[in-house]
Amino acid sequence: MWFHKPAINEELLQSLPNLKVVASSGVGIDHLNLKLLSSYGVKVTNTPFIVSTDTADMGMALLLASSRRLVEGYEMAVSPDTEYFPADWLGVEVSGATLGIVGMGTIGYKVAERAKAFEMKILYHNRNQRKKEEESAVGAVYCKKIDDLLQQSDFVLLAVNLTPQTHKLIGKRELELMKPTAILINISRGLVVHQDALVEALQNKVIKAAALDVTYPEPLPRDHPLLKLKNVIITPHIGSATKKTRWVMMEEMVESIKAGLAGLPVPREVL
């Protein structure tokens, strides 16, 4: 499967009685019915680790771009109507700011490593607290309650898997807990955020801005209100989109398929 295609449903499974393996690109498996696949004796694999570095880089890129208003600045710099650069056109500082990471898995931790180099204060919320030595390595402080993280953070970055528990995790209540100067960054899945609530929060200055590599649907309808807001940056779900990573993703998928067909243990099998 590449970009969630083809759709794996019961009709397809019934038409492929000899199917042994479904190899899905990327880390997310929210598009797959694992119980259904298991009932047909089909193994599932993904490529969870190779995407982490590039996706973490993308998270920091969005953080920097939104804080320093790079897209707006570019538009101003190249506009035929620009006659001068206003002296009071300002962004917000990153160094010394507080970053709250929701989801401290492999990607979230790599974001923390990068944020440490920017001298950021790091909070994180996760199902499980990381080891003390891992926290110390990046200077991260665990927030058992997500509310504490939201209230304290200048930037909130979402790096969770999409599950029933994280579906619309960030809604109206959570956005209102954030600082009015805060910026929301989403590199996980669009459905982790209640999108209508986000539009309202951005329009009413409940939060300062958002930077999104993911939305729902993808792409958004061309008349969607998110596309009309100046305090939003949207990119086309390109967290893992580098030549090297996409090549290695394909190699890992082929390796898993070959193992499954040969009756060998399948690398990166999703259980």
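Within every chain, residues take consecutive numbers counted from 1 along the sequence as written. Local features in this predicted model are restricted to residues of pLDDT 70 or higher, and side-chain atom pairs are both shown and tallied only at a pLDDT of 80 or more, whereas totals for entire chains, interfaces and linings draw on every residue. Calculation of side-chain values draws on the structure's entire complement of heavy atoms; hydrogens and water are dropped beforehand.

Colleague: Residues and numbers for the nonpolar core, please.
Modeller: The criterion is simple. A nonpolar core is a set of buried Ala, Val, Leu, Ile, Met, Phe, Trp, Tyr and Cys residues joined through side-chain atoms within 4.5 Å. A 1.4 Å probe rolled over the protein chains alone gives each residue an accessible area, and that area as a share of the maximum for its type sets the label: buried under 20%, exposed over 50%, partly exposed in between. By size, the foremost hydrophobic cluster in this structure holds 30 residues, and its most contacted members are L99, I101, V111, F155 and I185. Secondary structure follows DSSP: runs of H or I at least 4 residues long count as helices, runs of E at least 2 residues long count as strands, and numbering of each begins at the N terminus. If you list the elements that add at least two residues to this core, you get α3 (52-67), β3 (98-102), α5 (106-117), β4 (121-125), β6 (155-158), β7 (183-186) and β8 (209-212). Looking at this core element by element, the count peaks at six residues for α3. Any pair of residues with heavy atoms lying within 4.5 Å of one another is described as a contacting pair. Ignoring sequence-local partners within four residues, the contact set of L99 consists of L63, V111, A115, M120, K121, I122, L123, S153, F155 and L157. Listed in part, the 29 residues of the second largest apolar core include L123, L158, V193 and V199.

Colleague: Hey, could you go over the UniProt feature "domain: D-isomer specific 2-hydroxyacid dehydrogenase NAD-binding" (unreviewed entry) in the chain for me, with residue numbers and the actual values?
Modeller: On the UniProt side, "domain: D-isomer specific 2-hydroxyacid dehydrogenase NAD-binding" (unreviewed entry) is annotated at positions that read residues 60-239 here. Taken as a whole, residues 60-239 contains 32% helix and 16% strand, while its terminal C-alpha atoms sit 11 Å from one another. UniProt positions are given in the numbering used here, feature names are shortened, and annotations may be inferred rather than shown by experiment.

Colleague: Residue-level account of the side chain of R189, with values.
Modeller: Structurally, the position occupied by R189 is in the loop between β7 and α9 (195-203). Those residues in contact with R189 that sit more than four places away from it in its chain are H4, G28, D30, L162, V214 and H237.

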